[in-house]
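Given next are the chains, with one letter for each unit.
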Amino acid sequence: MKKKQFVIRLLKVIGKDRRNLILSIFAAIFASAIGMLIPYLAGRAIDCISTDMTEASYNSLFTILISMCVLIVVASVLQLVFNRVNNRITYFTTDVLRKSAYKKINKLPISYIDKTSVGMIQSMIISDCETVGDGLLMFLNQFFTGIVAIIITLIIMIYIDYKIALFVLIFTPVSFIVSYFIASSSSRSFKRQAEIRGRQTSYISEVAGNFRTVHAFHTEENICKKFDRINDKYRQTTKKASFLSSITNPSTRFVNGLIYAGVAYIGTIAVIKQNLTVGALSSLLAYANQFMKPFNDLSSVYTELSDSFACLDRVFTFMDQDDEPIEGDEN
């Protein structure tokens, strides 16, 4: 529930840059939709070549190739616009979070400042806000294009051969389920990693700020041992989180490979029985691969967002601290 509230608050911040957000959504939709038409046209071109080459076949092939070139150029331009706009949205959001967190420092009560290390606050404003921005950029780059790709790919596959489309539709979510369970485990590790990173930054800041005191009392060895313990905990947590996040993609790709092999087998039998053309099979194989790719991308996004959510929790928890009461306030 708390995570959901923080996400809603982040969306409100993003919504302040409404013009770029709308432009990003439309660019993602059109770029993805245009890109999805290319495998279908490629299959049509293969069918033109596999038949007896007449003048009409040459004309059709030429028209298809020209159309593919135009679509590739348009999709590339839209993708460029899409990436630039997403970068602007991310920089804007990160800037707003940092400024809001920095202004909050001047409103906090002295008691909170005394019990909270300076390094922890520095880590939150600099590192955590940056991590939230990185997660947001990955989400913007993958989410809308992935959803559009899934929908359009499924429609075209049903149009070509509904049986193969049904086979892919039934088994593809298996890869998403696998990635979900892995990502759930990595989420806890990323949250622990963010906490230890804050402690590490805090400790470094405190020692650096009291450098002369450390030398005066000859406590260098104890300080180094304590830092080693914190650093070792951070290393172990990071290794666990990185390992869990790294096996998401190979696991889903293994499942997707089995699905791709199933499409090839069913499609080959259909071609032999002359229920499907070679070009249509080529398009189906391409679409089967593209249909599974957004699930891989979205699962990777979910895994990476685990770290961003942990940092977002820290940022908004800091901002939600009670302000210093104003003198003369009856409350």
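Up top you'll find the structure we're talking about.
For clarity, every value in this text was computed on a predicted model and none was experimentally measured. (Residues numbered from 1 in each chain as written. Predicted model: local features only at pLDDT ≥ 70, side-chain atom pairs only at ≥ 80, totals over all residues. Heavy atoms only, no water.)

**Some remarks on the nonpolar core**
The line we're drawing: Among buried residues, the Ala, Val, Leu, Ile, Met, Phe, Trp, Tyr and Cys ones that are joined through side-chain atoms within 4.5 Å form a nonpolar core. When accessible area is computed with a 1.4 Å probe and restricted to protein chains, residues below 20% of their type maximum are described as buried, those above 50% as exposed, and intermediate ones as partly exposed. Strands are runs of DSSP state E lasting at least two residues, helices are runs of H or I lasting at least four, and both sets are numbered from the N terminus onward. Contact definition: two residues touch when any of their heavy atoms are within 4.5 Å.
Counting 25 residues, the largest nonpolar core has Met157, Ile160, Ile164, Val168 and Leu276 as the members making the most contacts within it. Elements represented by at least two residues in this core include exactly α5 (118-160), α6 (162-209), α9 (248-272) and α10 (278-319). Residues in contact with leucine 276, not counting those within four places in the same chain, are Ile160, Asp161, Ile164, Gly267, Ala270, Val271, Leu281 and Leu284. Ile89, Ile121, Val315 and Phe318 belong to the second largest nonpolar core, which has 24 residues in total.

**Structural notes on a nonpolar patch on the surface**
The following threshold applies: Patch building starts from residues that exceed 30% relative accessible area and form no salt bridge, then joins like charges within 9 Å and nonpolar side chains (Val, Leu, Ile, Met, Phe, Trp, Tyr) within 5 Å. Only the protein chains shown count as cover for residues, and the accessible areas themselves come from Shrake-Rupley with a 1.4 Å probe. Within this document, salt bridges are pairs made up of a side-chain nitrogen of Lys or Arg and a carboxyl oxygen of Asp or Glu, the two lying within 4 Å of each other.
On the surface, Leu166, Leu169, Ile170, Phe171 and Val174 cluster together into a nonpolar patch covering about 430 Å² of accessible area. Within the fold, isoleucine 170 resides in helix α6. Classification of isoleucine 170 as exposed rests on a relative accessible area of 53%.

**What to know about the pattern of salt bridges**
In this structure the tally under the stated criterion is 6 salt bridges. Ionic pairing is found between aspartate 320 and arginine 9, a salt bridge with its closest N-O pair at 2.9 Å. Taken together, the positions of aspartate 320 in the segment after α10 and arginine 9 in helix α1 (residues 2-15) put the pair 311 residues apart, joining distant regions of the chain. On the accessibility criterion, arginine 9 (28% relative accessible area) is partly exposed.

**Some remarks on α5**
Put simply, the test is: Expected helix span is computed as 1.5 Å times (number of residues minus one). Two axes enter the definition of the bend at a residue: one is fitted to the seven residues ending there, the other to the seven starting there, and the bend is the angle between them.
With 43 residues, α5 should reach 63 Å at 1.5 Å per residue; the first-to-last C-alpha distance of 62 Å fits that figure. At methionine 124, α5 shows its maximal kink, close to 35 degrees.

**Overview of helix α8 (residues 220-246)**
Structural remark: α-helix, 3.6 residues per turn; residues separated by three or four positions point the same way. Helix length check: α8, at 27 residues, gives a terminal C-alpha distance of 38 Å against a target of 39 Å (1.5 Å per residue), a fit within 8%. Among the residues of α8, Ile223, Ile230, Tyr234, Thr237, Thr238, Ala241, Leu244 and Ser245 are the ones counted as buried.

**Structural notes on the packing of aromatic side chains**
How we decide: Working definition: rings of Phe, Tyr and Trp (its six-membered ring) pair if their centres are within 6.5 Å, and the pair is stacked with planes under 30 degrees apart, edge-to-face with planes over 60 apart, and tilted otherwise.
One pass over the full model with this rule turns up 5 aromatic pairs. Pairing phenylalanine 143 with phenylalanine 144 gives two aromatic rings, centres 5.4 Å apart and planes at 80 degrees, and the pair type is edge-to-face. Judged by its relative accessible area of 22%, phenylalanine 144 is partly exposed.

**Concerning the packing of α8 against α9**
Each pair of packed helices can be described by the angle between their axes along with the distance between the axes. Worth spelling out the cut-off: Where helices are involved, their axes are fitted lines through C-alpha atoms of the stretch in contact, as for all axes, and angles between N-to-C directions lie from 0 to 180°. Should an angle fall under 35 degrees it is called roughly parallel, over 145 degrees roughly antiparallel, and 65 to 115 degrees roughly perpendicular, with every other angle called oblique. Each residue gets one label: Ala, Val, Leu, Ile, Met, Phe, Trp, Tyr, Cys and Pro are nonpolar, Asp, Glu, Lys and Arg are charged, and the others, such as Gly, are polar.
Packing of α8 against α9 brings their axes to within 4 Å, and their N-to-C directions diverge by 15 degrees. Looking at the two axes, α8 sits roughly parallel to α9. Here Leu244, Ser245 and Ser246 of α8 lie close against α9, whose contacting residues are Thr248, Asn249 and Pro250. For the contact of α8 with α9, a count of residues per class yields 2 nonpolar, 4 polar and no charged.

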